[in-house]
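Structure assessment
What follows is the residue order along each chain.
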Amino acid sequence: MLKLLKNRTFNIPTARHLSVLGIETSCDDTGIALLNEKGEVLGNVLNSQQKFHTRYGGIIPPRAQDLHRAKIAEVFEQCMREAQMTPDQLDAIGVTTRPGLPLSLLVGTRFAKYIARKYKKPLVPVHHMEAHALQARMEQHIPYPFLCLLISGGHSQLVFVRSAKQFALLGESLDDAPGEAFDKIARRLRLYLLPKYLHWNGGQAIEDAAKSAQNPAAFEFPLPLARERTCNFSFAGIKNNSFRSIRFAEKQQGIPPDGIIKNYHDFCAGLLAAVSRHLMNRTQRALEFTLPWFGESPRALVVSGGVANNDYIFNDLAHLAAHYECQAYRPSKKYCSDNGVMIAWNALEQITEGANCLRWDYDAVNICGKAALGECMLDAVAEANIKCKWVQASKWRAWGEVQAVSSII
Ligand code: KG4
Ligand code: ZN
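Residues numbered from 1 in each chain as written. Chains lettered and ligands numbered in written order. Predicted model: local features only at pLDDT ≥ 70, side-chain atom pairs only at ≥ 80, totals over all residues. Heavy atoms only, no water.

1. Comments concerning the coordination of the zinc ion (ligand 2)
For a metal with four tetrahedral donors the ideal donor-metal-donor angle is 109.5 degrees, while six octahedral donors give ideal angles of 90 or 180 degrees. Surrounding the zinc ion (ligand 2) are the protein donor atoms H128 (NE2), H132 (NE2) and D338 (OD), which sit 2.0 to 2.1 Å from the metal. All donor residues of the zinc ion (ligand 2) come from one chain, and their arrangement in sequence is H-x3-H-x205-D. Taken together, the residues H128 and H132, both in helix α5 (residues 128–134) and 4 residues apart, mark about one turn of the helix. H128 gets classed as buried once you look at its relative accessible area, which sits at 6%. Classification of H132 as buried rests on a relative accessible area of 1%. (Donors = N, O, S within 2.8 Å, 3.2 Å for Na, K, Ca; no water. Helix = DSSP H or I, 4+ residues; strand = E, 2+ residues; numbered from the N terminus. Buried < 20%, exposed > 50% of the residue type's maximum accessible area, 1.4 Å probe, protein only.)

2. Structural notes on the domain arrangement of the chain
We note that the domain assignment places domain 1 (2–137 + 336–364) and domain 2 (142–330 + 377–408) within the chain. The C-alpha-based centres of domain 1 and domain 2 are spaced at 29 Å. Taken together, the contact between domain 1 and domain 2 spans 19 residues of the former and 26 residues of the latter. Contact between domain 1 and domain 2 buries roughly 2,000 Å² in total, counting both sides, with carbon and sulfur atoms accounting for 60%. The largest contributions to the domain 1 side of the interface with domain 2 come from M129, R137 and C336, which together make up 28% of the buried area. Applying the counting rule to domain 1 against domain 2 returns 1 salt bridge. Between K165 and E130 there is a salt bridge, and its shortest N-O distance comes to 3.3 Å. Run the count over domain 1 and domain 2 and you get 10 residue pairs in polar contact (both at pLDDT 80 or more). Elements represented by at least two residues in the side of domain 1 that touches domain 2 include exactly α2 (50–56), α5 and α12 (340–353). Examining the composition of the side of domain 1 that touches domain 2, we find that 5 residues originate from one element, α5, more than from any other. The class makeup of the residues in the side of domain 1 that touches domain 2 is 7 nonpolar, 6 polar and 6 charged. (Domains from an automatic or database assignment. Contact = heavy atoms within 4.5 Å. Buried area = accessible area lost by both parts, 1.4 Å probe. Salt bridge = Lys/Arg side-chain N within 4 Å of Asp/Glu carboxyl O. Polar contact = N/O pair within 3.5 Å; in protein donor to acceptor, adjacent residues only side chain to side chain. Nonpolar A, V, L, I, M, F, W, Y, C, P; charged D, E, K, R; others polar.)

3. Notes on the sheet that holds strand β4 (residues 92–98)
Strand order across the open sheet formed by 5 strands is β3-β2-β1-β4-β5, with mixed pairing between neighbours. Two strands in the sheet have a free side with no partner beyond their single neighbour: β3 (41–48) and β5 (123–127). With direction set aside, neighbouring strand axes in the sheet form an average angle of 20°. Direction of pairing for strand β1 (residues 19–24) relative to β4: parallel, over a ladder of 4 bridges. Looking at β4, one finds that I23 is bridged to V95. (Pairing = 2+ DSSP bridges. Axes fitted to C-alpha atoms, helices over the stretch in contact; angles between N-to-C directions.)

4. Notes on the site of ligand 1
The environment of ligand 1 is formed by 21 residues, the closest being G153, D183, E207, G306 and N310. Interatomic distance of 2.8 Å between a side-chain N/O atom of E207 and a nitrogen atom of ligand 1. For ligand 1, an oxygen atom lies 3.0 Å from a polar atom in the backbone of G306. Summarising the interface, the protein chains cover 90% of the accessible area of ligand 1, which totals 550 Å² for the free molecule. Secondary-structure elements contributing two or more residues to the shell around ligand 1 are α5, α6 (178–189) and α7 (202–210). (Near = heavy atom within 4 Å. Areas by Shrake-Rupley, 256 points an atom, 1.4 Å probe, with all protein chains shown as cover.)

5. A short note on the packing of α7 against helix α9 (residues 264–294)
At a minimum axis separation of 7 Å, α7 and α9 run at an interaxial angle of 115°. Viewed along their axes, α7 and α9 adopt a mutual orientation that is roughly perpendicular. The two elements α7 and α9 meet at a crossing, and its hand is left-handed. Contacts between α7 and α9 involve I206, E207, A209 and A210 on the former and, on the latter, Y264, H265, C268, A269, L271 and L272. Partitioned by chemical class, the residues of the contact of α7 with α9 number 8 nonpolar, 1 polar and 1 charged. (Parallel < 35°, antiparallel > 145°, perpendicular 65-115°, else oblique. Left-handed = near helix turned anticlockwise from the far one by under 90°.)

6. Things to note about helix α3 (residues 61–83)
In a regular helix each residue adds 1.5 Å, so 23 residues correspond to 33 Å; α3 covers 31 Å between its end C-alpha atoms and thus fits that length. A maximum bend of about 40° is found in α3 at K71. Where the residues of α3 are buried, they touch β1, β2 (29–36), β3, α2 and α4 (102–119). Following α3 by one or two positions, Q84 has its phi on the positive side, about 55°. (Expected span 1.5 Å × (residues − 1). Bend = angle between axes of the 7 residues up to and from the residue.)

7. Considering the pairing of β2
Of all 8 residues that make up β2, 8 are buried, and the element is covered over most of its length. Neither face of β2 is exposed, since D29, G31, A33 and L35 on one face and T30, I32, L34 and N36 on the opposite face are all buried. Sheet topology places β1 next to β2; 6 bridges connect them, and they run antiparallel. Across the sheet, S19 pairs through a bridge with N36, a residue of β2. Once β1 ends, the chain turns through 4 residues before running back antiparallel as β2. Two elements, β2 and β3, share 7 bridges in a ladder whose sense is antiparallel. Counted as the bridge partner of T30 is N47 from β3.

Okay, here's the thing in structure tokens:
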């Protein structure tokens, strides 16, 4: 990253040194971080609401708002203390304004406006998914352009990224997001009954449980949108199929309402393989579609968002990318999920591209629960009608060299 920024000049006057704050409150994490112009993290504080929401089986937006409100000032002060700086030393304040839970977005945006007004600083509105997409550039040398797979609790998107502000949307989920499916299935499986997983998110628990599978082919899962030559995703079929399989296994094994099926490890391994296969197939088509767009530039695939934490999925995608002489990247794990650093980094990237992102008209900075990502190219992908010879999943398996995924599905 340092290499990336070294030769750039910032377009804000007098900015020899920059301190950019990032405020993230789009969902259930209150994250605030402070970066300098080199992208070095000076302060980073994250208050997760996970423990609270798992008790109620999902995020309740008004409660999430209350918790953001209760914590945001403390998180900000802690971040400034960690950085050993005062708010008047800030140069800009990046804040997630879209997309996300409106009640949650409001808290961060109002707080950002309050700080901006009080200390006379410019705001930089940040798109949450654009921030996920660029985050890996903070720690690794990844020049533009690159293909990016965004997989989180709210989204599943394939985008081609040409610059900090130029995105082309190639595919998106037609229903659930993969993280959402993992969370719902883990809950239905009742993994939270196991003390180890009580406060883990669903995806993380499923990944961990899969590692001890004996027979990952024990459960069958559908391959979504198999006939559709697009880069779109669908996880509702896998989710509903999972609910049915769990119900059937519970009956067969005589599991009480507060119990877990015996072979849940196998179930998790099969589920992970099915989700990974679907992600691989759609990403493969996106790679074929965008290969000419790379020209002479090195080919790069960036995987980001909470689900990018998953080693099993990332290894499969890296294996696929290698087949196309493409290098796969993801942010380090502490930055895959929502955090303030990614918002500060995105603001810094925007500032690096031009000072017109700086907003002094605070009242005109608004939140938006739903927000498109880049130029929509979904029709162009469908029209290209690309037929792929599927790259088989890597032999790498979290649970050992048990079986190739292709023979499971
Ligand atoms: O990006 P993120 O922190 O929040 C959103 O913007 O949605 O993603 C959260 C999602 C959750 O649904 C969680 O289940 C998933 O990321 N996740 C994982 C893993 N860690 C978090 N999914 C699969 N494997 C993991 N290791
Ligand atoms: Zn996110």
